[in-house]
Amino acid sequence: MQDSEEVAFARLYERHSSAVYAYARRRSDVQVAEEVTARVFMVAWRRRAAVPAEDALPWLYGVARRVLAEERRSERRRRSLGQRLRDLGGREAEPVAAAGDGVLGAALARLSDADREVLLLRYWEDLSPEQLVVALGCSRSALAVRLHRARRRLAGALGDPGTPVLGHEEVGAA
Amino acid sequence: MSGIDQLGQRIRAATPAVDGAPPPLARVIAAIERERSRSWWARRVAAGRRTVVLALAGVLVAGGAAWAATALLSGASVAPAYVIANPGVSYGVPITSSLAILPIRAADPQGGPPWAMRVIRTTRGLDCIQVGRVVNGQLGVLGIGHAFHDDGRFHELLPQDSLWLGCQPLDKHGNVFFARGPSVQSASALSLAYNTTDQVRCNLPGFNGGPRCPPAALREVADGLLGPDAKRITVTTGGRTFTIKPYGRDGAYLIVLPSPADANAGPYGALDHAPPDAPVMTAYFKTGQTCRLGHQCPAIGIDYASPTNPSAAQLESPVHVTYQPHGTGTTSPLLASDGAGMVSVQQPGVDPGPARLTITFHAKIAVDNPNSFYDFQITRSVVNGCFGGQYLVGDGTDNTITAGRVVQFTIPLDAACHGTYRVRVFYISVPPGEDLPAVNVAITPFAGALAGHTRTPTPGHTVGTTVTTIP
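Residues numbered from 1 in each chain as written. Chains lettered and ligands numbered in written order. Predicted model: local features only at pLDDT ≥ 70, side-chain atom pairs only at ≥ 80, totals over all residues. Heavy atoms only, no water.

A.B. asks: What exactly am I supposed to notice about the overall build of chain B here?
C.D. replies: Across its full length, chain B carries five helices and 24 strands. Look at the contacts in chain B between residues 6 or more apart in sequence, and 73% of them connect residues 24 or more apart. For chain B, the accessible surface area stands at approximately 19,000 Å², while carbon and sulfur atoms represent 55% of it. (Helix = DSSP H or I, 4+ residues; strand = E, 2+ residues; numbered from the N terminus. Contact = heavy atoms within 4.5 Å. Areas by Shrake-Rupley, 256 points an atom, 1.4 Å probe, with all protein chains shown as cover.)

In structure tokens:
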């Protein structure tokens, strides 16, 4: 039987809301994570014709990424002028909660949002390259470059010259 | 283990544990319903949209990219793929004598053909607003701003497209009230509402959750009808205020402003984004009342007929339920008449499936306006494998029904959905222009999708009840 749109939506929520919430929670507090999850699925309802039928989660992550970015922009707008002026004095990296690995968390925090996101989607959300392409809205080749550069920058931020991945990947990419 | 794996493993090992849980589905649905039920008619329009699909027929590709009002080539009309031909169904059909463009124009912030509007009266007692840009006395949309593949041509809007731009019922004196606030629209004048965003193909990179148009391709547009008591509208935007006088007996207004700089910054593309510096539009009335457009504006100067309030004796009719374990496999139309006085309502968007429940009753009270309808609700057992929850509520009839006709609802069921079904058929007459929270909750189509949903509203006036057991 073909589901009605509403039933299909309920199933989509049942299937993926925990993953979307986890995505948001790893990057924000509980309250924001709940809000982001709700907004992601509101977008999914409005754009239900565009939600991939087979593997919707990467698409939902893509929306979540935007919703979270918007949430952060709103938060910045809510800050006092003084805070904004202090921000102008030098951007302080937002902490990244990397469980049990403070050095990694600090290194991730020093990356650009784009670099950090591609790595976290790959390893925290465990997305395949095909899924990353959907979530990030980029081509396969662009993804390979982004992933490669993000790894390289993270390794640099970790200050670990012994990490062999850098040389191998650069040679492979050249 | 390779170096790639070592780095990846290190990141993966540091994946933070997650506490808390996603919000309950009911909260998300409530938020969606709040959006959908900003007005009663928004909900009805949204329901109708399921079967009315706007298509851009035969779009002409190429053409001059540089266009001008005086030398604008004509392209294909904007034509809906589905046209309601029955004057008694849904919104009805446009009345031929009501197609004139109102003699008001709004200049576009970037020049080109001016904006205009017309009010189309339908056979079901509705007035529908249609907004577009005017070229040679015709209302249409332009192939700019990523619409119509930027073909630079003029595409005439047909009256049927009024279905997409909202309708409101008339009051006892033929007046209408439709106080719409500013919303972000395509510069082409093609409405971004109701999923027509698929027709405006803005392709700013990096967002796959919806179209994302550059600000130059967007406008902030407000249009509406404030009725015979409207006096003036003040518009405050960008630090300045100006006043416009509503036109004619309908109190028509049309305001076109540049798009806010961050109108495309939201996660929803151009839609639903309400920047903090959105224009403030305040309507003033002869009665001394005021309201802010886009917010809750009461229908000032409008005298709606009282909703029908029939007695139980006038309404009561036996309700019959039949169960078919194997359907025909064919998809019923949304609504069809078999020529023998029977109206069949297939719940929209649902395939009949292999099993179905059919509810049949005689409509003793006629439905002669869009604000009245029959509907059903079902309470059933909780059964493993039967998706849809304990409560089912229909979307209601959406057509004129003469007294004495047989009305039939068909509800597809999962094969596992056995047990006892308590069916209630009811009749509702809604005061036009009002939100009725109890009704909105009760008739939400999501009620059937909510497993564990605990609300058991009994809206409207009961026609009849029955109990049936599905083996």
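A.B. asks: So what exactly am I meant to see when it comes to the overall build of chain A here?
C.D. replies: Along the backbone of chain A there are nine helices and zero strands. In chain A, the succession of α and β elements from N to C terminus is α-α-α-α-α-α-α-α-α. Scored against the burial criterion, the 174 residues of chain A give a buried share of 48%. Contacts spanning at least 24 positions in sequence make up 56% of the contacts within chain A whose residues lie at least 6 apart. Element-wise, carbon and sulfur atoms account for 51% of the exposed surface of chain A, whose accessible area totals about 8,400 Å². (Buried < 20%, exposed > 50% of the residue type's maximum accessible area, 1.4 Å probe, protein only.)

A.B. asks: It is not clear to me how the packing of aromatic side chains should be interpreted in this structure. Could you clarify?
C.D. replies: Where two aromatic rings form a pair, the distance of their centres and the angle of their planes describe that pair. In this structure the tally under the stated criterion is nine aromatic pairs over all chains. Between tyrosine 23 of chain A and tyrosine 61 of chain A, the aromatic rings sit 5.2 Å apart at their centres with planes inclined by 35°, giving tilted as the arrangement. A residue pair is termed long-range when its members are at least 10 positions apart, and tyrosine 23 of chain A in helix α1 (residues 5-25) and tyrosine 61 of chain A in helix α3 (residues 57-78) qualify at 38 residues. Residue class for tyrosine 61 of chain A comes out buried when judged on its relative accessible area of 4%. By way of ring pairs, the aromatic residues Phe361, Tyr374, Phe376, Phe409 and Tyr427 of chain B are connected into one cluster. Its end group placed over the ring of tryptophan 45 of chain A, arginine 48 of chain A keeps NZ or CZ at 3.8 Å from the ring centre. Here the basic side chain of arginine 180 of chain B rests over the ring of phenylalanine 178 of chain B, its NZ or CZ set 4.6 Å away from the ring centre. (Phe/Tyr/Trp six-rings, centres within 6.5 Å; stacked < 30°, edge-to-face > 60°. Lys NZ or Arg CZ within 6 Å of the ring centre and 35° of its normal.)

A.B. asks: What's the story with the state of the cysteines in this structure? I'm lost.
C.D. replies: A covalent bond bridging the sulfur atoms of two cysteines is what the word disulfide describes. Residue and element names in this part refer to chain B. Following the criterion strictly, the structure yields one disulfide over all chains and no others. Across a sulfur-sulfur distance of 2.0 Å, cysteine 291 and cysteine 297 are joined as a disulfide pair. Here the S-S torsion is close to 95°, and the disulfide linking cysteine 291 with cysteine 297 is therefore right-handed. Judged by its relative accessible area of 6%, cysteine 291 falls in the buried class. Under the relative-accessibility criterion, cysteine 297 is labelled buried at 16%. (Disulfide = S-S within 2.5 Å.)

A.B. asks: Mind showing me how you'd approach the pattern of salt bridges here?
C.D. replies: One side chain can pair with another of opposite charge once the charged atoms of both are near each other. Per the stated rule, a full pass over the model turns up 13 salt bridges over all chains. Note that arginine 12 of chain B is salt-bridged to aspartate 126 of chain A, the shortest N-O span being 3.1 Å. With arginine 12 of chain B in helix α1 (residues 3-13) and aspartate 126 of chain A in the loop between α6 (113-123) and α7 (129-136), the pair connects residues from two separate chains. Arginine 12 of chain B gets classed as partly exposed once you look at its relative accessible area, which sits at 30%. Overall, the relative accessible area of 48% leaves aspartate 126 of chain A in the partly exposed class. (Salt bridge = Lys/Arg side-chain N within 4 Å of Asp/Glu carboxyl O.)

A.B. asks: Quick question: what am I supposed to make of the pairing of strand β12 (residues 240-244) of chain B here?
C.D. replies: All names here are of chain B. Bridge count for strand β11 (residues 230-237) against β12 is five bridges, and the pairing is antiparallel. Note on β12: the bridge partner recorded for threonine 234 is threonine 243. Connecting β11 to the next strand, β12, in antiparallel fashion are two residues, including glycine 238 with a positive phi near 55°. (Pairing = 2+ DSSP bridges.)

A.B. asks: When you look at the sheet that holds β11 of chain B in this model, what are you seeing that I'm missing?
C.D. replies: Think of a sheet as strands paired side by side through backbone hydrogen bonds, with each pair either parallel or antiparallel. Residues and elements named next belong to chain B. Taking strand neighbours across the sheet as the criterion, the four strands line up as β12-β11-β14-β15 in an open arrangement whose pairing is antiparallel. At either margin of the open sheet sits one strand with a lone partner, and together these are β12 and β15 (290-292). Each strand axis lies, on average, 20° off the axis of its neighbour in the sheet, ignoring direction. One ladder, built from six bridges, connects β11 with strand β14 (residues 280-285); its direction is antiparallel. The residue bridging arginine 232 from the neighbouring strand is tyrosine 284, located in β14. (Axes fitted to C-alpha atoms, helices over the stretch in contact; angles between N-to-C directions.)

A.B. asks: Could you clarify how one ought to interpret the confidence of the model for chain A in this entry?
C.D. replies: When pLDDT is low, close inspection of the predicted coordinates is not appropriate. Residue and element names in this part refer to chain A. Mean pLDDT over chain A works out to 74, with 74% of the residues at or above the 70 mark. For chain A, helix α9 (residues 165-173) is the element with the lowest average pLDDT, namely 24, and α6 is the one with the highest, namely 88. Under a pLDDT of 50 for its full length, residues 79-95 has, in the predicted model, nine contacts with residues more than four places off or in other chains. For residues 160-174, every residue scores under 50 in pLDDT, and the model assigns this stretch 15 contacts once sequence neighbours within four places are set aside. (pLDDT = per-residue confidence, 0-100.)

A.B. asks: Is there a simple way to think about the packing of α6 of chain A against helix α8 (residues 140-158) of chain A in this case?
C.D. replies: Each pair of packed helices can be described by the angle between their axes along with the distance between the axes. Residue and element names in this part refer to chain A. One way to put it is that α6 packs onto α8 with a least axis distance of 9 Å and a crossing angle of 100°. Overall, the two elements α6 and α8 adopt an arrangement that is roughly perpendicular. Between α6, through Ala114, Asp115, Val118, Leu119, Arg122 and Tyr123, and α8, the contact on the second element is made entirely by Leu143, Arg146, Leu147, Ala150, Arg151, Arg153 and Leu154. Its residues assigned to classes, the contact of α6 with α8 shows eight nonpolar, no polar and five charged. (Parallel < 35°, antiparallel > 145°, perpendicular 65-115°, else oblique. Nonpolar A, V, L, I, M, F, W, Y, C, P; charged D, E, K, R; others polar.)

A.B. asks: Just to check I follow, could you spell out the confidence of the model for chain B for this structure?
C.D. replies: Residues and elements named next belong to chain B. Put simply, chain B has an average pLDDT of 70, and 63% of its residues get 70 or more. For residues 37-71, every residue scores under 50 in pLDDT, and the model assigns this stretch 98 contacts once sequence neighbours within four places are set aside. In this model, residues 205-210 is a region of pLDDT below 50 whose contacts with residues beyond four sequence positions or in other chains number 20 contacts.

A.B. asks: Help me understand the environment of leucine 127 of chain A, please; the structure alone is not making it clear to me.
C.D. replies: Examined against the element boundaries, leucine 127 of chain A turns out to sit in the loop between α6 and α7. For the pair leucine 127 of chain A and leucine 57 of chain A, spaced 70 residues apart in sequence, the C-alpha separation works out to 9.3 Å.

A.B. asks: Would you take a moment to explain the packing of α7 of chain A against α8 of chain A for this structure?
C.D. replies: Residue and element names in this part refer to chain A. Packing of α7 against α8 brings their axes to within 10 Å, and their N-to-C directions diverge by 95°. Taken together, α7 and α8 sit at an angle that is classed as roughly perpendicular. Across from Pro129, Glu130, Leu132, Val133 and Leu136 in α7, the residues of α8 making contact are Arg140, Leu143 and Arg146. Here the residues of the contact of α7 with α8 sort into five nonpolar, no polar and three charged.

A.B. asks: Explain the nonpolar core here, please?
C.D. replies: A general trend in soluble globular proteins is that nonpolar side chains are found buried together. If you look at the biggest cluster of nonpolar residues, it comprises 55 residues, and the most contacted ones within it are Phe9, Val40, Phe41, Leu60, Leu119 and Leu154 of chain A. Element by element, the count of residues in this core is highest for helix α2 (residues 30-46) of chain A, at nine residues. (Core = buried A, V, L, I, M, F, W, Y, C linked by side-chain atoms within 4.5 Å.)

A.B. asks: Hey, could you run me through unusual backbone geometry in this one?
C.D. replies: Glycine aside, a negative phi is what most residues show, and trans is what most peptide bonds show. The backbone phi angle of aspartate 126 of chain A is positive, close to 60°, even though this residue is not glycine. With phi around 50°, asparagine 136 of chain B is a residue other than glycine that occupies positive phi space. Secondary-structure assignment places asparagine 136 of chain B in the loop between β4 (126-135) and β5 (138-142). In this structure asparagine 136 of chain B comes out as exposed when scored by relative accessible area, which is 73%.

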